[in-house]
Amino acid sequence: THYVLNGNWETTAATIESVQKKVLEKTGKNPNGIIHLGDFTDGILSKEVCKKYAHTVLNRMLSWNIPLFIALGNHDCNYFKKNSAILSEKETSDLYLAAAGIKSNGKNYYRAEVPDADLVFLVLDSYKNDEPNRYGYTEEQLEWLNSELSSLNEKYKIIVLSHDAPLAELDYWAHTIRNGEKLCALLDKWNISHNHRVIGFVHGHTHADYVCRKKSFPIISIGCSKIEYFESYKRPGCIASPRYENDVTQELWDTMIVDTKNNTLD
């Protein structure tokens, strides 16, 4: 969302609410969940204002009474342009995940199941301020991921959520992604030996749409709902369509339909 004053969050929320209403009318059911791929705000604020703006978004989402799946982003720790009011891992976990009812044991990564869908989200933490290479994944997190995969019931299919991409070639702002290749190798090895049950790896951060097919699972970039598409800051092949206020192009978010029987993602 990258919430800012005079931004488009309120109309984004209104369009999502309208679609939710239509889905309920047509099917008698609500969507299974809402995914937020990180960066609730721009991360250049005091802690107090950051919390206020983040909850402007989060509280509206909670009012929909739909499960939330949140992958935290680099701006969510409130460090940008050398802002000194940095949020610790515990503070971000409390501010976003715990407030959304997500159990993560104080970490910014966790597992979440979609009831009655044989689907598991493995949600990763892809940014650390205190690491020399800030974008990437800790060794501790990779050990956790390996443990989750090893113990996963064979009925489950997987979608991995991460704010950042796992490969530096997909990220304009990072020269290296810490443990990114190691993460992909771990997922690839498990996926190939377990009947290709990783449906996809979905990330944000790039403010663009793109599907990378270099691994045994698609790595899918999703654009940002804020009207900010950074045409000049893109890796080759990324799509960042022009967007205009008070126009249908203003909104950018996706309805995701997952078929766990056929391993498809639309």
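Rules of the game
Residues numbered from 1 in each chain as written. Predicted model: local features only at pLDDT ≥ 70, side-chain atom pairs only at ≥ 80, totals over all residues. Heavy atoms only, no water. Helix = DSSP H or I, 4+ residues; strand = E, 2+ residues; numbered from the N terminus. Buried < 20%, exposed > 50% of the residue type's maximum accessible area, 1.4 Å probe, protein only. Pairing = 2+ DSSP bridges. Core = buried A, V, L, I, M, F, W, Y, C linked by side-chain atoms within 4.5 Å. Contact = heavy atoms within 4.5 Å. Polar contact = N/O pair within 3.5 Å; in protein donor to acceptor, adjacent residues only side chain to side chain. Phe/Tyr/Trp six-rings, centres within 6.5 Å; stacked < 30°, edge-to-face > 60°.

Novice: Can you walk me through unusual backbone geometry in this structure?
Specialist: Keep in mind that most residues, glycine aside, have a negative phi and that most peptide bonds are trans. Unlike most non-glycine residues, Asn78 shows phi in positive territory, near 70°. Relative to the helices and strands, Asn78 resides in the loop between strand S2 (68-70) and helix H3 (89-97). Note on Asn78: relative accessible area 0%, which makes it buried.

Novice: Explanation requested: the pairing of strand S3 (residues 110-114) in the structure shown.
Specialist: Residues in a regular strand point their side chains to alternate faces of the sheet. Where burial is concerned, the two faces of S3 differ: the one with Tyr110, Ala112 and Val114 is buried and the one with Arg111 and Glu113 is not. With five bridges joining them, S3 and strand S4 (residues 119-123) adopt antiparallel strand pairing. Opposite Val114, over in S4, you have Leu119 as the bridge partner.

Novice: Could you clarify how one ought to interpret the nonpolar core in this entry?
Specialist: The nonpolar side chains of a soluble globular protein tend to be buried with one another. Residues Ile70 and Leu161 are the most contacted members of the largest nonpolar core, which totals 38 residues. If you list the elements that add at least two residues to this core, you get helix H1 (9-27), helix H2 (47-62), S2, H3, S3, S4, strand S5 (157-162) and strand S6 (198-203). By residue number, the principal contributor to this core is H2, which donates six residues. Apart from the residues within four sequence positions on either side, Ile70 is in contact with His36, Phe40, Leu58, Tyr96, Leu97, Ala100, Ile102, Tyr110 and Val123. One finds Cys77, Leu122, Leu149 and Trp190 within the second-largest nonpolar core, a separate group that totals 32 residues.

Novice: When you look at the environment of His194 in this model, what are you seeing that I'm missing?
Specialist: Relative to the elements of secondary structure, His194 occurs in the loop between helix H5 (180-193) and S6. Between the alpha carbons of His194 and Leu149 there is a distance of 9.8 Å; along the sequence they are 45 residues apart. Looking at His194, its side chain comes within polar contact range of the main-chain oxygen of Trp190, at 2.9 Å.

Novice: Where do I start with the packing of aromatic side chains in this structure?
Specialist: Per the stated rule, a full pass over the model turns up 11 aromatic pairs. Here the aromatic rings of Phe69 and Phe121 are separated by 4.6 Å at their centres, their planes lie at 50°, and the arrangement is tilted. Linking Phe69 in strand S2 with Phe121 in strand S4, this pair joins segments that are 52 residues apart in sequence. When its relative accessible area of 5% is taken as the criterion, Phe69 is described as buried.

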